Amino acid sequence: MSDLANVYHLFQNKFEENDFQYYSPPSYVRTLTENSEKIIFAFRKNQDLPPDTDWVKKSPKSNASNSLDLTGSPLKDISFAEYDDIGMSIDEANGPTFSNLWTPEEEAYGPLATEKARSILQNFINLDCRVGRGSIWTLCCGTDPDQTVLLQLAINCASNNQRQFTRGVVRFTGMEANGNISLAQLIGVHRERAGDAMKFNPKIQIQQWCTLSPYITVRLCWNTMGEGATFAVERNARVRLSQEFPVNNGAFSRSSRAEYFWQQLQRLALMREKIMDIRANRAIGYARNDLGGIDEMDLEYVKQKVYNILSTFLAVEPTTYQFTSIADMVFQVQNHNLTDVMERLYDALTLCANYDDLKAAIDYIFHLSTHSNIVNVPTNGTRFAQLILAMIQDRLAIPSLTGSEPYELLLECGFSKLMNDYRTIFSECGVYELEFEKLFQPQVTCTRKSRYAAGSGPQTDHTNGTKRSALLFQPTVEDRGREKSILLSNFDEDEVKIRLNRLAQVHLLLEHLLLLESVVNIPSIYGRVCELYLNRQPYSYGEIYNRKTDLLEFDVDEFMLLSKADHLLPCARRVTMSSGNLLQKLETVFYQNTRPLLPERFYPQFERKEVDSKHVFWCYEYDRIERL
């Protein structure tokens, strides 16, 4: 575990002329090390880089494979005597970050002159600092003969030897066509660097990435043995699928097959905002509905539609779903006949153009329930349905709606309808049984109340959060015992947030499944995908709009997926091998990618090499030396 806070303060005090950060490593360091622990990172802060020593001149590109003498160190200013004090600690991690898309912060981190970077690390060693554990990385400009782009010094104070360090160096070795790179060639480079004094470990780990679509990448990982090994994928390779769904600040919905359901969720979020505005005495809550509906009708049209729903017998045949694909099921559920009375009423009430029309339409429903022969009785258990049923049975006088109560009743019905739609899609596809009662449980128990939850209705009992979340808006046993005075207001901001967040997560899961179906189409993996995805902490509904992509990653045991990737050319490859003796160990990571590992703007000397192949790799080598 990284613990370099004291070392970071020491760097700030002793090397004030340099820029340092103590934070999670940038993507290129995570890719090479397979480690996400915090590091100290040295770089140049200025985005517009002035000339600096060897930065502006181009160095001749030498073959780095012949330039390292392991009797010393990858950092060439260390003698063998000094290197005797060097050790190593290697942290294992779950996997690399494959993407070469850098954050704005990463693209602003300018490299240091290579000699300056070496000097920083050596000066730290000379300070005799024995505090901390973790890695220090420096970004280098790559203009030295070895084209060094990163240097590493790892501290391990957990050992008996308080002067134990790890040395690492990352070099850019040029651009090569995929067909020109062989595993035997990489083994030769590593063995030449290790020298005759080290024994080669025949176990080699290979990780290879293939792109199935612009958004879906498959990582194949296997171990191979022997000098004659190749890059041929072994049948026992472990497969991990990564899918980055393009959220693009909510723009995904415009081209989605499930756009209708996302619009329904947006409508519920807008209702929540209106309720909060009205409770805070803001006039905007009473303005035009603007609930995301395509059509708005006048009040008389809505009243007639409501009358037909409640008082006219309609022979509505239940929908029979026929599963052919998830995409087709989404279409069927979107266009199915509404048979539930409250869902049909909700569909009608959302046509109201403003708050006054909505209030008048709900009053009209109450009057019909009291004075007319209602043919179609609501039975879905929502608070709105219970009010109507109580008036039909002459157990409740017509209530007077005030404040945000019309929207609260409508919001409740909207949640119920959307939940039923999602539940139908997943269950009819045979993918997963959505248990919203569990999904709506609060993730973190909080006793603090929202000011918007302090209405006239009963408040949330956080000591029984599961039951209250599952029965949102529904009357308690005590309420049912005194239905003559049923309270209309039962809005709790926290519970509504939980529902919105979870339904947004369910929708993104549906989008992931639609994308998987269109590219991978292996139904046997969908249930596990649902389980893994829904076990994650959901993003808030608002946070989704600030995301570019939503990542889904999971291991796959299906041979069908392995066969899909087997014939594809790799888009990236990571090969790890090692050699050692009684004194030290060398581990080399060969990383190749069709895109550069580091931002190109800082490395103009790494010109794109003209290769007689369209499939060209940017090649990097990362050496780590451990003192045993």
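Residues numbered from 1 in each chain as written. Predicted model: local features only at pLDDT ≥ 70, side-chain atom pairs only at ≥ 80, totals over all residues. Heavy atoms only, no water.

Q: Can you walk me through the overall build of the protein in this structure?
A: Counting secondary structure elements, the protein contains 20 helices and 13 strands. Taking all 628 residues of the protein together, the buried fraction comes to 54%. Accessible surface computed for the protein: about 28300 Å², of which carbon and sulfur atoms make up 48%. (Helix = DSSP H or I, 4+ residues; strand = E, 2+ residues; numbered from the N terminus. Buried < 20%, exposed > 50% of the residue type's maximum accessible area, 1.4 Å probe, protein only. Areas by Shrake-Rupley, 256 points an atom, 1.4 Å probe, with all protein chains shown as cover.)

Q: Which parts of the structure should I look at to understand the pairing of strand β1 (residues 19–23)?
A: Regular strands show a simple pattern: their side chains alternate between the two faces of the sheet. Residue alternation in β1 divides its side chains into a buried set, Phe20 and Tyr22, and an unburied set, Asp19, Gln21 and Tyr23. As judged from the five bridges shared by β1 and strand β2 (residues 39–43), these two strands associate in the antiparallel manner. Bridge pairing in β2 links aspartate 19 to phenylalanine 43. (Pairing = 2+ DSSP bridges.)

Q: Can you help me understand the pattern of salt bridges in this one?
A: Side chains that differ in charge, positive against negative, can pair when their charged atoms come close. A full pass over the atoms with the stated rule returns 19 salt bridges. Of the charged contacts, one joins arginine 279 and glutamate 408 as a salt bridge, the two residues approaching to 3.2 Å between their closest N and O atoms. Taken together, the residues arginine 279 in helix α7 (residues 259–279) and glutamate 408 in helix α13 (residues 405–428) connect sequence positions 129 residues apart. Measuring nitrogen to oxygen at the nearest pair gives 3.1 Å for the salt bridge that ties lysine 438 to glutamate 435. (Salt bridge = Lys/Arg side-chain N within 4 Å of Asp/Glu carboxyl O.)

Q: Would you explain the environment of cysteine 530 in this entry?
A: Take cysteine 530: it is sitting in helix α18 (residues 526–534). Residues cysteine 530 and leucine 513, 17 residues apart in the sequence, show an inter-C-alpha distance of 8.6 Å. Excluding its chain neighbours within four sequence positions, the residues that come into contact with cysteine 530 are Phe426, Val431, Tyr432, Leu509 and Leu513. (Contact = heavy atoms within 4.5 Å.)

Q: Looking at this structure, I do not really get the packing of α7 against α13. What am I missing?
A: The description of two packed helices rests on the angle between their axes and on the distance between the axes. Relative to each other, α7 and α13 sit at 160 degrees, their axes nearing to 10 Å. With respect to each other, α7 and α13 are oriented roughly antiparallel. Taken as a pair, α7 and α13 cross one another with a handedness that is left-handed. For the pair α7 and α13, contact is made by Tyr260, Phe261, Gln264, Leu265, Leu268, Met271, Lys274, Ile275, Ile278 and Arg279 and by Tyr407, Glu408, Leu410, Leu411, Gly414, Phe415, Lys417, Leu418, Asp421, Tyr422 and Ile425, respectively. Of the residues in the contact of α7 with α13, the class split is 14 nonpolar, two polar and five charged. (Axes fitted to C-alpha atoms, helices over the stretch in contact; angles between N-to-C directions. Parallel < 35°, antiparallel > 145°, perpendicular 65-115°, else oblique. Left-handed = near helix turned anticlockwise from the far one by under 90°. Nonpolar A, V, L, I, M, F, W, Y, C, P; charged D, E, K, R; others polar.)

Q: Sorry, what's going on with the packing of helix α10 (residues 341–349) against helix α12 (residues 383–392) here?
A: At their nearest, the axes of α10 and α12 sit 11 Å apart, and the two run at 105 degrees to each other. Judged by the angle between their axes, α10 and α12 are roughly perpendicular. Residue-level inspection shows Met342, Leu345 and Leu349 of α10 in contact with α12, the latter providing Phe384, Ala385 and Ile388. Residue composition of the contact of α10 with α12, grouped by class: six nonpolar, no polar and no charged.

Q: When you look at the environment of serine 400 in this model, what are you seeing that I'm missing?
A: Structurally, serine 400 can be placed in the loop between α12 and α13. Separated by 41 residues in sequence, serine 400 and lysine 359 place their C-alpha atoms 9.6 Å apart. Once you skip the residues sitting within four places of it in the chain, serine 400 turns out to touch Glu405 and Leu488.

Q: Looking at this model, I keep getting lost on α10. Mind explaining?
A: Every α-helical turn comprises 3.6 residues, leaving residues that sit three or four positions apart pointing alike. Counting buried residues in α10 gives eight out of nine residues, a clear majority hidden from the surface. Three or more residues of α10 are buried, namely Val341, Met342, Glu343, Arg344, Leu345, Tyr346, Ala348 and Leu349. Buried residues along α10 sit in contact with α7, α8 (299–311), α11 (355–371), α12 and α13. Looking at where α10 begins, the residue whose side-chain oxygen comes 3.0 Å from the main-chain nitrogen of methionine 342 is aspartate 340. (Polar contact = N/O pair within 3.5 Å; in protein donor to acceptor, adjacent residues only side chain to side chain.)

Q: In this structure, what is going on with the confidence of the model for the protein? I would like to understand it.
A: Atomic detail in the predicted coordinates should be set aside for any region of low pLDDT. Confidence in the prediction of the protein, expressed as mean pLDDT, is 80, and 80% of residues score 70 or more. Scored below 50 in pLDDT, residues 445–485 shows 75 contacts in the model against residues more than four places distant or in partner chains. (pLDDT = per-residue confidence, 0-100.)

Q: How should I be thinking about the nonpolar core in this particular structure?
A: Within soluble globular proteins, side chains that are nonpolar generally end up buried alongside one another. Ranked by internal contacts, the top residues of the largest apolar core, which has 120 residues, are Phe384 and Phe426. Setting aside residues up to four positions removed in sequence, phenylalanine 384 forms contacts with Met342, Leu349, Ile362, Ile365, Phe366, Leu409, Glu412 and Cys413. Listed in part, the 29 residues of the second largest apolar core include Tyr109, Val149, Phe172 and Met175. (Core = buried A, V, L, I, M, F, W, Y, C linked by side-chain atoms within 4.5 Å.)

Q: Help me understand unusual backbone geometry, please; the structure alone is not making it clear to me.
A: Most peptide bonds adopt trans geometry, and most residues besides glycine take a negative phi value. Positive phi values are uncommon outside glycine, yet asparagine 281 reaches one of about 60 degrees. Positionally, asparagine 281 belongs in the loop between α7 and α8. Positive phi values are uncommon outside glycine, yet asparagine 521 reaches one of about 55 degrees. Judged by relative accessible area, asparagine 521 falls into the partly exposed class, the value being 45%.

Q: What should I look at first to understand the side chain of glutamate 511 in this one?
A: For glutamate 511, the position within the fold is in helix α17 (residues 493–519). Notably, glutamate 511 is buried but unbridged: the nearest opposite-charge side chain belongs to arginine 257, and the N-O separation is 8.4 Å. A polar contact of 2.5 Å, which involves the side chain of glutamate 511, links it to the side chain of serine 256. (Lys, Arg positive; Asp, Glu negative; His and termini not counted.)

Q: What should I look at first to understand the pairing of strand β13 (residues 616–627) in this one?
A: In terms of burial, β13 is largely enclosed, as 12 of its 12 residues are buried. Burial along β13 is two-sided: the residues Val616, Trp618, Tyr620, Tyr622, Arg624 and Glu626 and Phe617, Cys619, Glu621, Asp623, Ile625 and Arg627 are all buried. Two elements, strand β5 (residues 165–177) and β13, share 10 bridges in a ladder whose sense is antiparallel. Its bridge partner being in β13, glycine 174 is matched across the sheet by cysteine 619.

Q: Got a minute to help me understand the environment of cysteine 210 in this structure?
A: Along the chain, cysteine 210 falls in strand β7 (residues 203–213). In this structure, the C-alpha to C-alpha distance between cysteine 210 and proline 570, residues 360 residues apart in sequence, is 4.7 Å. Setting aside residues no more than four positions away along its own chain, cysteine 210 makes contact with Ile216, Thr217, Val218, Ala565, Leu568, Leu569, Pro570 and Cys571.

Q: Quick question: what am I supposed to make of the packing of aromatic side chains here?
A: Pairs of aromatic rings are described using the distance from one ring centre to the other and the angle between the two planes. The full count for this structure, using the stated rule, is 25 aromatic pairs. Centroid distance phenylalanine 124 to phenylalanine 165: 6.4 Å. Interplanar angle 75 degrees. Geometry classified as edge-to-face. Remark: phenylalanine 165 occurs in strand β5 and phenylalanine 124 occurs in helix α5 (residues 114–126); sequence separation between them is 41 residues. Residue class for phenylalanine 124 comes out buried when judged on its relative accessible area of 0%. Classification of phenylalanine 165 by relative accessible area gives buried; the value is 3%. Feature note: the residues Tyr23, Tyr28, Phe41, Phe43 and Tyr109 constitute an aromatic cluster, connected by ring pairs. Positioned above the aromatic ring of phenylalanine 231, the side-chain terminus of arginine 573 is 3.8 Å from the ring centre. (Phe/Tyr/Trp six-rings, centres within 6.5 Å; stacked < 30°, edge-to-face > 60°. Lys NZ or Arg CZ within 6 Å of the ring centre and 35° of its normal.)

Q: Before we go on, may I ask you to explain the side chain of glutamine 505 in this structure?
A: Topologically, glutamine 505 is positioned in helix α17. Only 3.2 Å separates the side chain of glutamine 505 from the backbone oxygen of arginine 536, close enough to count as a polar contact. Look past the residues within four positions of glutamine 505 in its chain and what remains in contact with it is Tyr533, Leu534, Arg536, Gln537 and Pro538.

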